2 protein chains.
Amino acid sequence: MTPPILSSPEEYKKLIDSVDTFLLDCDGVIYHGSVVVDGVRETLSMLRKAGKKLIFVTNNASKSRQMYKATFDKLNIEAYPEEIFGSGYASAVYLSEILKFPKDKKVYVIGEAGLEEELDSVGIAHSGGTDPEDNTFMSKDDFSVIKSDPSVGAVLCGFDIRINYKKLATAFSHLRDNEGCHFILTNQDPTYPTTQKSKDPSKPDIKTIYPGSGAISAPLLFASKRTPLIIGKPNKPMMDAIIAEHHFDVKRALMVGDNLATDIEFGINSGVRTLLVMGGVTKREQVFGDDPSPVKPDFVMESFGQFATLAQD
Amino acid sequence: MTPPILSSPEEYKKLIDSVDTFLLDCDGVIYHGSVVVDGVRETLSMLRKAGKKLIFVTNNASKSRQMYKATFDKLNIEAYPEEIFGSGYASAVYLSEILKFPKDKKVYVIGEAGLEEELDSVGIAHSGGTDPEDNTFMSKDDFSVIKSDPSVGAVLCGFDIRINYKKLATAFSHLRDNEGCHFILTNQDPTYPTTQKSKDPSKPDIKTIYPGSGAISAPLLFASKRTPLIIGKPNKPMMDAIIAEHHFDVKRALMVGDNLATDIEFGINSGVRTLLVMGGVTKREQVFGDDPSPVKPDFVMESFGQFATLAQD
């Protein structure tokens, strides 16, 4: 069945009345890179006035909630750190609230400052990450630089642009030697979307992709043959972490996203209704073509900014 | 059927008479790390006297044939560069002889000096590898450091202890942008065996494993979703490359190795008979246990060094 496109004020009002909590993907729903989607500021403001709970849900684990807050501020979008849920914070909450990670254990981090900041925020000790000792090249002549540490109880891997063999081998040795060591990925996105400045300064930036978080962790999966726990969308642990903190009724929640494989699948895996917005990564034919994706959103809209326009009708 | 253990001089002579070309794995057959297997020097010398062709076949792509020759010299083992076939040289031969890689194209290398040396030896131009520009950390603020190069016609990935995001992203961008760009792995070994000095200097070195070549290439497979051509054991391209250079009769060849998953599988995939030697990575129960490996060698011996002893009986 082709999912219905929401277009009339009646449909829109019926949907909004049935939702208490809006789970909102960021890039592709709220903004595209540094450009805010038309009407989104008004939509968010209108939802706030109607008393709806807003949670910004993103797989980006490099930024902490504080860093995301700064991004929102720069884009002049009203948002509060406690409304922001990145896969880094979700990993920290999952470790702390759901796995009850022991206070005397440490997490070995492959990841960036934002991920470390979120572990700090829940009081979990960590090593690796941005430590300069772990961000160097090593030689095959001296593997003794890879230090074992029995106090490491989990390896947590997210996007890390300073990925290197020493970090991978250290993480691998913890998984190899430390009994019961958890193996957790913030997310497994295969690619990292970014923009590159055009050579011609009069031309706009070029959208492109490079290896993503899932690529950063791939060596550890391949070498250790272990199946990690994956926190981020489309996986349910992300929702478990959000609910552990926000305690909302999933039946009265709506996941809004532009990506079938992450956002919409995430809603489906977690028993939350889904709204797909066009204009992001999903092509029209994936929803309305002759051979559509098996991942079906409950509702489709052209843009999340339409909410505000429809409300004024 | 349980493979027969060769033990009598008659069995040994029958086998040796049926073989013109011995394909010999190195680590685990000829030596263990820096220790030569008992009787192997005598066995090699005896086979040479009998006019047998010897080819040393190794998945290690970090060392060139010249580097391997130096290792053999240091261990006081008679061997010649033209008898040595590493997966790096095999990749170079495969590109040159089988893929007829165009002279005006370049190979982007994720790998070490030995791999570059082998590409040089067949006259294939390359970039990446040990170039200092490709062996640095980059920042997320400037993806423009990743240079496109339409002249790159293949990405070749082997073990590289200086793996980093810039190299991975550069290789990824060639695969993404250059039409028809080959994607080749020297080998896909999940782990890299090495020895670590014991903390107690009176104790022997500790054997251990770290992420291997297959782990180094895993990010590219995961991000690009491409299936690479894998040269090294157990894959047939390695044999195709050896035969392109040595032109022997596979029916009168024997692959000798200690690893079921690489050496023995390699012989089976290439139509060459196989001899498993014990004392390496294969456990006795994998061959003779109640639930043995489905990979069956044609023959089993305790040690390749036994050849010399048996010949004296």
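Residues numbered from 1 in each chain as written. Chains lettered and ligands numbered in written order. Predicted model: local features only at pLDDT ≥ 70, side-chain atom pairs only at ≥ 80, totals over all residues. Heavy atoms only, no water.

Engineer: Sorry if this is basic, but what is going on with the environment of B:Ile216 here?
Structural biologist: Locating B:Ile216 in the fold gives a position in helix 7 (residues 213-224). The class of B:Ile216 is buried, set by a relative accessible area of 2%. Sequence-wise, B:Ile216 and B:Ile163 are 53 residues apart; in three dimensions their C-alpha atoms are separated by 7.1 Å. Excluding residues within four positions of it along the chain, B:Ile216 makes contact with A:Tyr165, B:Ile110, B:Cys157, B:Gly158, B:Phe159, B:Asp160, B:Ile163 and B:Leu168. (Helix = DSSP H or I, 4+ residues; strand = E, 2+ residues; numbered from the N terminus. Buried < 20%, exposed > 50% of the residue type's maximum accessible area, 1.4 Å probe, protein only. Contact = heavy atoms within 4.5 Å.)

Engineer: Sorry if this is basic, but what is going on with the UniProt feature "binding site: Mg(2+)" (unreviewed entry) in chain A here?
Structural biologist: Residue and element names in this part refer to chain A. With numbering matched to this structure, UniProt assigns "binding site: Mg(2+)" (unreviewed entry) to Asp 25, Asp 27 and Asp 258. Judged by maximum C-alpha separation, these annotated positions cover 234 residues in sequence but sit close together in space, the widest gap being only 8.4 Å. Checked against the element boundaries, Asp 25 lands in the loop between strand 1 (21-24) and strand 2 (31-32). Looking at Asp 25, the relative accessible area reads 7%, which means it is buried. Ignoring anything within four residues of it in the chain, the contact list for Asp 25 reads Ile 30, Val 57, Lys 233, Met 255, Val 256, Gly 257, Asp 258 and Asp 263. Here the side chain of Asp 25 touches Lys 233 through a polar contact of 2.9 Å, side chain to side chain. (UniProt positions renumbered as here; feature names shortened; annotations may be inferred. Polar contact = N/O pair within 3.5 Å; in protein donor to acceptor, adjacent residues only side chain to side chain.)

Engineer: Honestly, the relation of the copies chain B and chain A in this entry has me stumped. Any pointers?
Structural biologist: The operation relating chain B to chain A is a screw motion whose rotation component is 180°, with 0.0 Å of axial translation and a residual RMSD of 0.0 Å. Here the transformation between the copies is reduced to the relation of a two-fold axis. Comparing contact sets, 100% of the residues at the interface of chain B also lie at the interface in chain A, consistent with an isologous, same-surface contact. (Least-squares fit on C-alpha atoms with pLDDT ≥ 70 in both.)

Engineer: I'm lost on the sheet that holds strand 14 (residues 273-277) of chain B in this one. Help?
Structural biologist: Residue and element names in this part refer to chain B. In spatial order, the strands read 5-4-1-13-14-15; together these six strands make up an open sheet with parallel pairing. The open sheet has two edge strands, strand 5 (84-86) and strand 15 (299-301), and neither has a second partner. Across this sheet, the average inter-strand angle for adjacent strands is 25°, counted without regard to direction. As paired strands, strand 1 (residues 21-24) and strand 4 (residues 53-58) are joined by four bridges and run parallel to one another. Looking across to strand 4, one finds that Leu 23 is bridged to Ile 55. The sheet contacts of helix 3 (residues 65-74) involve strand 4 and strand 5, and relative to strand 5 the element is tilted by about 120°. Against the sheet, helix 4 (residues 87-98) contacts strand 4 and strand 5, and its axis sits at roughly 85° relative to strand 5. (Pairing = 2+ DSSP bridges. Axes fitted to C-alpha atoms, helices over the stretch in contact; angles between N-to-C directions.)

Engineer: Quick question: what am I supposed to make of the domain arrangement of chain A here?
Structural biologist: The accessible area lost on association of the parts is a frequent measure of interface size. All names here are of chain A. Here the domain parsing of chain A yields domain 1 (9-59 + 235-312) and domain 2 (89-186 + 213-230). Between the C-alpha centres of domain 1 and domain 2 there is a distance of 32 Å. Residue-level contacts link seven residues of domain 1 with eight residues of domain 2. Looking only at domain 1, the three residues that lose the most surface to domain 2 are Pro 237, Ala 241 and Glu 245, adding up to 52% of its buried area. Our enumeration of links across domain 1 and domain 2 arrives at zero salt bridges. Of the residues in the side of domain 1 that touches domain 2, the class split is four nonpolar, one polar and two charged. (Domains from an automatic or database assignment. Buried area = accessible area lost by both parts, 1.4 Å probe. Salt bridge = Lys/Arg side-chain N within 4 Å of Asp/Glu carboxyl O. Nonpolar A, V, L, I, M, F, W, Y, C, P; charged D, E, K, R; others polar.)

Engineer: What's the story with the pattern of salt bridges in this structure? I'm lost.
Structural biologist: Here the idea is simple: oppositely charged side chains can pair when their charged atoms come close. Here the structure, examined in full by the defined rule, presents 28 salt bridges over all chains. Residue A:Lys203 pairs with A:Asp200 through a salt bridge whose shortest N-O separation is 3.9 Å. With relative accessibility at 32%, the residue A:Asp200 sits in the partly exposed group. Taking the shortest distance from any N to any O, the salt bridge between B:Arg65 and B:Glu118 comes out at 3.0 Å. Of this pair, B:Arg65 sits in helix 3 while B:Glu118 sits in helix 5 (residues 113-121), placing them 53 residues apart in sequence. A single network of salt bridges, built from pairs that share partners, joins A:Asp25, A:Lys233 and A:Asp263.

Engineer: Would you explain the interface of chain B and chain A in this entry?
Structural biologist: Listed per partner, the contact involves 41 residues of chain B and 41 residues of chain A. For the chain B and chain A pair, buried surface summed over both sides reaches about 3,700 Å², with 70% attributable to carbon and sulfur atoms. When residues of chain B are sorted by the area they lose upon contact with chain A, B:Phe137, B:Ile161 and B:Tyr165 head the list and together hold 22% of the total. When the shortest N-O distance is used, the salt bridge between A:Lys140 and B:Glu112 registers 2.5 Å. Joining chain B to chain A, the criterion identifies ten residue pairs in polar contact (both at pLDDT 80 or more). Of all the elements in the fold, those that place two or more residues in the side of chain B that touches chain A are helix 6 (165-177), strand 10 (191-196), strand 11 (206-211) and helix 7 of chain B. Broken down by element, the side of chain B that touches chain A gets its largest block of residues, seven residues, from helix 7 of chain B. A per-class count over the side of chain B that touches chain A returns 22 nonpolar, 13 polar and six charged.

Engineer: Honestly, the side chain of A:Arg48 in this entry has me stumped. Any pointers?
Structural biologist: Relative to the elements of secondary structure, A:Arg48 occurs in helix 2 (residues 40-49). A polar contact is formed between the side chain of A:Arg48 and the side chain of A:Glu83, at a distance of 2.6 Å.

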